[in-house]
Amino acid sequence: MTDGLARRGILAAGAAAALASPASAQGQGALAAFLAALAARRIEIIDLTQTLHPGTPVIQLPPPLANTEPFRMSEISRYDPRGPAWYWNNFSCGEHTGTHFDAPIHWITGRDLPDGATDTLPPARMIAPCCVIDCSAQAAADERFVFEPQHIAEWEARHGRIPAGSWVLMRTDWSKRTDPAAFLNMKADGPHVPGPSAAAVRLLVERDVNGWGVEAVGTDHGQAFAFEPPFPAHALM
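This structure is a prediction, so every number in the text was calculated from the model and none was measured. The numbers attached to residues start from 1 for each chain and follow its sequence in the written order. Totals for whole chains, interfaces and linings use every residue, but because this is a predicted model, local features are given only for residues with pLDDT of at least 70 and side-chain atom pairs only at 80 or more, for both listing and counting. The side-chain quantities take in all heavy atoms of the structure and omit both hydrogens and water.

Considering the pairing of strand S2 (residues 72–80)
Okay, so step 1: Note: two strands are recorded as paired if DSSP finds a minimum of 2 bridges between them. Numbering of helices and strands starts at the N terminus; helices are DSSP runs of H or I of at least 4 residues and strands are runs of E of at least 2. Two strands pair when backbone bridges link them, and S2 and strand S3 (residues 83–92) are joined in this way by seven bridges, in the antiparallel orientation. Residue pairing for S3: Glu75 is matched across the bridge by Asn89.
Okay, so step 2: Between S2 and the antiparallel strand that follows it, S3, lie two residues.

What about the nonpolar core?
Okay, so step 1: Residues grouped as a nonpolar core are buried Ala, Val, Leu, Ile, Met, Phe, Trp, Tyr and Cys residues, joined through side-chain atoms within 4.5 Å. When accessible area is computed with a 1.4 Å probe and restricted to protein chains, residues below 20% of their type maximum are described as buried, those above 50% as exposed, and intermediate ones as partly exposed. Of all hydrophobic cores here, the largest spans 19 residues; its most connected members are Phe147, Ile152, Ile162, Val168, Leu204 and Trp212.
Okay, so step 2: With four residues, helix H5 (residues 198–206) is the largest single contributor of residues to this core.
Okay, so step 3: Contacts were defined at the residue level, with two residues in contact if any of their heavy atoms lie within 4.5 Å. Excluding its chain neighbours within four sequence positions, the residues that come into contact with Ile162 are Cys131, Ile152, Trp155, Glu156, Val168, Leu204, Arg207 and Val209.
Okay, so step 4: Grouped together as the second largest cluster of nonpolar side chains are five residues, Trp174, Leu184, Val193 and Ala216 included.

Some details on a nonpolar patch on the surface
Okay, so step 1: Taken together, the side chains of Leu31, Phe34, Leu35, Ile43 and Ile45 define a hydrophobic patch exposed on the protein surface, amounting to about 490 Å² of accessible area.
Okay, so step 2: Checked against the element boundaries, Ile45 lands in the loop between helix H1 (22–39) and S2. Surface patches are defined over residues having more than 30% relative accessible area and no salt bridge, joining like charges when they lie within 9 Å and nonpolar side chains (Val, Leu, Ile, Met, Phe, Trp, Tyr) when within 5 Å. In these tables, accessible area is a Shrake-Rupley quantity obtained with a 1.4 Å probe, and a residue counts as shielded only by the protein chains included in the view. Counted as salt bridges are all cases of a side-chain nitrogen of Lys or Arg within 4 Å of a carboxyl oxygen of Asp or Glu.

Comments concerning helix H3 (residues 149–159)
Given 3.6 residues per turn, any residue in an α-helix points the same way as the ones three and four places further on.
Okay, so step 1: Of the positions making up H3, those classed as buried are His151, Ile152, Trp155 and Glu156. An end-on view of H3 places all buried positions within 135° of arc, on one side of the element. With respect to the buried face of H3, the exposed residues turned more than 90 degrees away are Ala157 and Arg158.
Okay, so step 2: The secondary structure elements touched by the buried residues of H3 are strand S5 (130–134), helix H2 (136–141), strand S6 (146–147) and H5.
Okay, so step 3: The positive-phi residue at the C-terminal boundary of H3 is Gly160, with phi of around 95°. This arc is built from the directions going out from the helix axis to the C-beta atoms.

Structural notes on the layout of surface pockets
Okay, so step 1: Considering only enclosed or pocket space, the largest pocket measures out at about 1,000 Å³ in volume.
Okay, so step 2: Two kinds of site are reported from a 1 Å grid over the protein atoms alone, namely cavities, where a 1.4 Å probe fits but cannot get out, and pockets, open sets with protein on both sides within 12 Å along at least five of seven lines, and residues are called lining when an atom falls within 4 Å of a point. For the largest pocket, the lining is made up of 28 residues, of which Ile46, Asp47, Leu48, Cys130 and Leu169 are closest to its centre.
Okay, so step 3: Within the residue set of the lining of the largest pocket, elements represented by two or more residues are H1, strand S4 (100–102), S5 and strand S7 (167–171).
Okay, so step 4: Grid points are joined across faces, edges and corners, and a volume is the space filled by probe spheres set on the points. Roughly 730 Å³ of internal volume is contained in the second largest pocket.
Okay, so step 5: For the second largest pocket, the lining is made up of 28 residues, of which Ile59, Gln60, Leu61, Phe231 and His234 are closest to its centre.

As for H5
Okay, so step 1: Residues Ala198, Ala200, Val201, Leu203 and Leu204 constitute the buried set of H5.
Okay, so step 2: Buried-residue contacts for H5 involve S6, H3, S7, strand S10 (195–196), strand S11 (211–214) and helix H6 (232–236).
Okay, so step 3: After H5 finishes, the residue Asp208 shows a positive phi value of roughly 60°.

Quick notes on the packing of aromatic side chains
Okay, so step 1: Pairing of aromatic rings covers Phe, Tyr and Trp, the last through its six-membered ring, and needs centres within 6.5 Å; plane angles under 30 degrees mean stacked, over 60 mean edge-to-face, and all others mean tilted. Applying the stated criterion across every chain yields a total of four aromatic pairs.
Okay, so step 2: Ring geometry for Phe147 against Trp212: centres 5.3 Å apart, planes inclined by 40°, an arrangement best described as tilted. With a gap of 65 residues between them, Phe147 in strand S6 and Trp212 in strand S11 connect regions that are remote in the sequence. As far as burial versus exposure is concerned, Phe147 and Trp212 are alike and both buried.
Okay, so step 3: Think of it as a cone above the ring: NZ of Lys or CZ of Arg counts as a charge over the ring if it is within 6 Å of the ring centre and within 35 degrees of the ring normal. Over the aromatic face of Tyr87 sits the side chain of Arg78, whose NZ or CZ is 4.2 Å from the ring centroid.
Okay, so step 4: Between the NZ or CZ atom of Arg177 and the centre of the ring of Trp174, over which it lies, the distance is 3.7 Å.

As for the side chain of His100
Okay, so step 1: Secondary-structure assignment places His100 in strand S4.
Okay, so step 2: In protein, a polar contact means a hydrogen-donor-capable atom and an acceptor-capable atom, both N or O and within 3.5 Å, with residues adjacent in sequence counting only if both atoms are side-chain atoms; elsewhere, any N or O pair within 3.5 Å suffices. Of the polar contacts made by the side chain of His100, one reaches the side chain of Asp102; its length is 3.5 Å.

Concerning the pairing of S11
Okay, so step 1: The alternating pattern of S11 places Gly211 and Gly213 on one face and Trp212 and Val214 on the opposite face, and all of these are buried.
Okay, so step 2: Sheet topology places S7 next to S11; three bridges connect them, and they run parallel. By the bridge assignment for S11, Leu169 is matched with Gly213.

Description of the environment of Ser175
Okay, so step 1: Positionally, Ser175 belongs in the loop between S7 and helix H4 (180–184).
Okay, so step 2: On a C-alpha basis, the gap between Ser175 and Glu215 in space is 5.5 Å, while along the polypeptide they are 40 residues apart.
Okay, so step 3: Reaching out from Ser175, the side chain makes a polar contact with the side chain of Glu215 at a distance of 2.6 Å.

This is the structure:
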């Protein structure tokens, strides 16, 4: 799954207090209830990651643009004379390999935002309510499926308005494509991969979402180089 973190600024304020406020106490109670539900396995945890290996597909840019390196792993020792009691490896890869998120600084439109890098983003921004919009049927019927505002409107008609600060994930079942060539799905006119239109991205920005996620190699549509603006999920979100 590839996630894009919204590039708009964050307002944060806090003050030390000797006594916990009612809201703070309520929050602590909610956290305790959440942890208890986890321990009792009343909450299902879904692993959205993919195991990295040398064949893990990575985005391919046309020349003369530079490309990322593939995932590589080399053994250091494995219970042998190089290390008799331990097993470990070296690995290298591009930062946009496998399941990852795009920090705001990744795109030129976010280069000047404060706290826009992975190591400076407030960790609390990574945890938020999530709205999953299921487009798997459309993506199965059309590998160039474009996610439009009407799909957001249809989802909101059933579930209510997307809450501000939420993650929005587009389900396409694209991650079930285990063959790297089928996953990247490169054609003569570029990748055939589903993704959002510029209008859909603008609507999500209006909804003040926290970020946008997909199952494909990037957060944009495979033909987004021809959109206006190009690559709107990167440029606007």
